[in-house]
Amino acid sequence: MNLIVQSNTENVEAEILVVGLSRHPENTKGWQQFSERFSGKLEGWTKDLSFDLKSLVTYPTLSGAIPRVLFVGLNERKKLTEEDLRAVFGQVGKELTKKKIKSAAVYLGSFQNDSITAENAAYLMAEGMTLGAYRFDDYKTTSNEPDSLIETVSILTEEDAEEVEASAFIGQVFGLSVNEARTLVNMPGNLLTATALADYAQELGNMYGFETDILGKAELEELGMGAILAVNQGSVEEPRLIVLKYKATEAFDNPLALVGKGITFDTGGYSLKPKDGIVGMKGDMGGAAAVLGAMQVIGELKPEKNVVAVIASTDNMVSGSAFKPDDVITSLSGKTIEILNTDAEGRLVLADSVTYAKQLGATHIVDVATLTGGVIVALGKDKTGALTNDEAFFETFMEAALETGEFVWRLPLTESDKKRIRKSDVADLNNSPGRDGHMIFGGGFVGEFAEETPWIHLDIAGTSDAGSAYDLGPKGGTGVMVRTLAMLVERMAEEQ
Ligand code: BES
Ligand code: ZN
Ligand code: ZN
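What counts and how
Residues numbered from 1 in each chain as written. Chains lettered and ligands numbered in written order. Predicted model: local features only at pLDDT ≥ 70, side-chain atom pairs only at ≥ 80, totals over all residues. Heavy atoms only, no water. Helix = DSSP H or I, 4+ residues; strand = E, 2+ residues; numbered from the N terminus. Contact = heavy atoms within 4.5 Å. Near = heavy atom within 4 Å. Polar contact = N/O pair within 3.5 Å; in protein donor to acceptor, adjacent residues only side chain to side chain. Areas by Shrake-Rupley, 256 points an atom, 1.4 Å probe, with all protein chains shown as cover. 1 Å grid on protein atoms, 1.4 Å probe; cavity = no way out; pocket = protein on both sides within 12 Å on 5 of 7 lines; lining within 4 Å. Sits in = over half its atoms within 2 Å of the grid points. Nonpolar A, V, L, I, M, F, W, Y, C, P; charged D, E, K, R; others polar. Donors = N, O, S within 2.8 Å, 3.2 Å for Na, K, Ca; no water. Tetrahedral: all angles 85-135°; square planar, octahedral: opposite > 155°, others 65-115°. Buried < 20%, exposed > 50% of the residue type's maximum accessible area, 1.4 Å probe, protein only. Patch = residues over 30% accessible without salt bridge, like charges linked within 9 Å, V, L, I, M, F, W, Y side chains within 5 Å. Salt bridge = Lys/Arg side-chain N within 4 Å of Asp/Glu carboxyl O. Expected span 1.5 Å × (residues − 1). Pairing = 2+ DSSP bridges. Axes fitted to C-alpha atoms, helices over the stretch in contact; angles between N-to-C directions. Domains from an automatic or database assignment. Buried area = accessible area lost by both parts, 1.4 Å probe.

Describing the environment of Leu 458
Stage number 1. In this fold, Leu 458 is placed in strand β17 (residues 455-459).
Stage number 2. On a C-alpha basis, the gap between Leu 458 and Gly 260 in space is 9.7 Å, while along the polypeptide they are 198 residues apart.
Stage number 3. Not counting the four nearest positions on each side in its chain, Leu 458 is found in contact with Val 366, Asp 367, Val 368, Ala 369, Thr 384, Gly 385, Ala 386, Phe 397, Val 408, Met 481 and Leu 485.

Concerning the site of ligand 1
Stage number 1. Contacts to ligand 1 come from 17 residues, most closely from Lys 273, Asp 284, Asp 343, Glu 345 and Gly 373.
Stage number 2. The side chain of Lys 261 places a nitrogen or oxygen atom 3.2 Å from an oxygen atom of ligand 1.
Stage number 3. Considered on its own, ligand 1 offers 520 Å² of accessible surface; in the complex 86% of this is hidden by protein.
Stage number 4. Here ligand 1 occupies the largest pocket.
Stage number 5. Of the residues in the shell around ligand 1, the class split is 3 nonpolar, 6 polar and 8 charged.

Observations regarding the coordination of the zinc ion (ligand 3)
Stage number 1. Every protein donor of the zinc ion (ligand 3) is listed here as Lys 261 (NZ), Asp 266 (OD), Asp 284 (OD) and Glu 345 (OE), and their distances to the metal cover 1.9 to 2.4 Å.
Stage number 2. Viewed at the metal, the 6 donor atoms of the zinc ion (ligand 3) are separated by angles of 77 to 170°, and the geometry they form is octahedral.
Stage number 3. Coordination of the zinc ion (ligand 3) draws on donor residues from a single chain, spaced K-x4-D-x17-D-x60-E in sequence.
Stage number 4. The distance between the zinc ion (ligand 3) and the zinc ion (ligand 2) comes to 3.2 Å, with Asp 266 serving as a donor to both metals. One end of the pair, Lys 261, is in strand β9 (residues 256-266); the other, Asp 284, is in the loop between α9 (275-278) and α10 (286-301), with 23 residues separating them in the sequence.
Stage number 5. With a relative accessible area of 1%, Lys 261 lands in the buried category.

Description of a nonpolar patch on the surface
Stage number 1. A cluster of nonpolar residues, Tyr 270, Leu 272 and Val 318, forms a patch on the protein surface that exposes about 290 Å² of accessible area.
Stage number 2. Mapped onto the secondary structure, Val 318 falls in the loop between β10 (307-316) and β11 (328-330).
Stage number 3. Since its relative accessible area comes to 37%, Val 318 is described here as partly exposed.

Quick look at the coordination of the zinc ion (ligand 2)
Stage number 1. Protein coordination of the zinc ion (ligand 2) is provided by Asp 266 (OD), Asp 343 (O), Asp 343 (OD) and Glu 345 (OE), with donor distances spanning 2.0 to 2.2 Å.
Stage number 2. In this structure, the zinc ion (ligand 2) is coordinated by 6 donor atoms arranged in irregular fashion, with angles at the metal of 72 to 167°.
Stage number 3. For the zinc ion (ligand 2), all donor residues lie on one chain, and their spacing in sequence is D-x76-D-x1-E.
Stage number 4. The class of Glu 345 is buried, set by a relative accessible area of 0%.

Looking at helix α15 (residues 438-450)
Stage number 1. In a regular helix each residue adds 1.5 Å, so 13 residues correspond to 18 Å; α15 covers 19 Å between its end C-alpha atoms and thus fits that length.
Stage number 2. In terms of burial, α15 is a largely internal element, 13 of the 13 residues being buried.
Stage number 3. Once α15 finishes, Glu 451 follows within two positions and takes phi at roughly 55°, a positive value.

A few points about the sheet that holds strand β5 (residues 103-107)
Stage number 1. Taken together, 6 strands build an open sheet; the order of strands is β1-β6-β5-β2-β4-β3 and the sheet is mixed. Two strands in the sheet have a free side with no partner beyond their single neighbour: β1 (2-6) and β3 (56-60). When strand polarity is set aside, the average angle formed by the axes of neighbouring strands in this sheet is 25°.
Stage number 2. In this sheet, strand β4 (residues 68-75) lies alongside β3 in antiparallel orientation, the contact comprising 5 bridges. If you follow Val 57 over to β4, its bridge partner there is Phe 71.

Let's talk about the domain arrangement of the chain
Often, the extent of an interface is quoted as the loss of accessible area on bringing the components together.
Stage number 1. Along its sequence, the chain is carved into domain 1 (2-178) and domain 2 (192-495).
Stage number 2. Here domain 1 and domain 2 have C-alpha centroids that lie 37 Å from each other.
Stage number 3. In this assembly, 19 residues from domain 1 lie in contact with 20 residues from domain 2.
Stage number 4. The junction of domain 1 with domain 2 conceals about 1,600 Å² of combined surface from both sides, 62% of it contributed by carbon and sulfur atoms.

Spelled out as structure tokens, the structure:
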């Protein structure tokens, strides 16, 4: 999508003009100029249209240069929030894709109010439209129409063209990176194996000049990553530990670690999932996808903050060689773990990944994972659950989440929860203390490996996959947390 800023409405040519419509449209910034562009007819067209938020109406203009106008309801302009506007543009992105529009023009002033500046509006426009326009290229051999992507968007504004264009570019980078993560989540486990995921990460690394290290089974054995290896034990696919370093400084001091769960398919292992619960488990690498998506934003925008991505990837399978309940394994940290449930595999691969991130010098850690069904019971499908051991770090994180509009809610992690994680007759820890509040046990287990390092755990089991289409995209992978993780890095860069 080419983003072009234009100040002169006279010369605009586009298949469609997108206009935000609120009560009293005549009070809209720059309305007069636009009205003249269509010989004063604009007002007449809007008379009977709905102002309801996200309502869409297309109007023929009988003008050759701009043959159609898409009016988008904004309700009361002064009440319009950034989140509303992102959703509005998500719907616009969907509508333009559906209409197979290649070139659109956006009357930016019609989406602004006292708190939403031209730059804000441009950012939200590019992000929302990029997200809304997403479609997964599926594997159907019939009626699989090629994507008709929006090629050009002319942003019509009288304000600082350079700043508006820069903001729109950032919005687009965020949107495209989320879309990449969505595609990874949507890919089936037979095609997106640990090896394939590592190849993807290697390509990303090459593209942005990240220092990339892909560890195979032999290297994991040499290092003693007993937890990842236990999960991989029943698989014919090799595991991978993916490490990407974004070096803002040569010394690579105080890196933030982004740690992702990359289970390419989760059968549950011997603690086998029921047939209804197993479908969809191709998405159990949503945490890995979020981390890779965030790394894409980081590669594009190059913030002043060192970041290391660590992703452990394998499937969790059943076979004669698979690990099983009652097994005792030794993790990279040296801590021993009693396996009570092989379906609680995410926390195991995260445990070794977090330890490895610490060995690489991480001073802050965020892990992100489709970890527990418990988070869905607690918070529903639209809220990411969080745990932390550091108030200040979490505050910075929440500022980032508020900015991106991704809903995150923190749960407690108490000493008595930790006691239950540490309770075992035979080992230092057990991997499944019980079903009561088990989102806390899942995340808390990972926290045992973060130890004193400031750490945030994000459980995206509910939010990583949308059961039906929503404002910002279709059913399927959502790419949740890509934007918030990237925004967190931006904030930490500003803070230091
Ligand atoms: N991958 C699942 C969690 C999950 C559930 C993700 C639903 C997406 C949708 C995870 O590995 C798992 O199976 N967790 C168990 C933990 C239990 C055994 C303690 C669960 O949530 O039931
Ligand atoms: Zn599982
Ligand atoms: Zn899992």
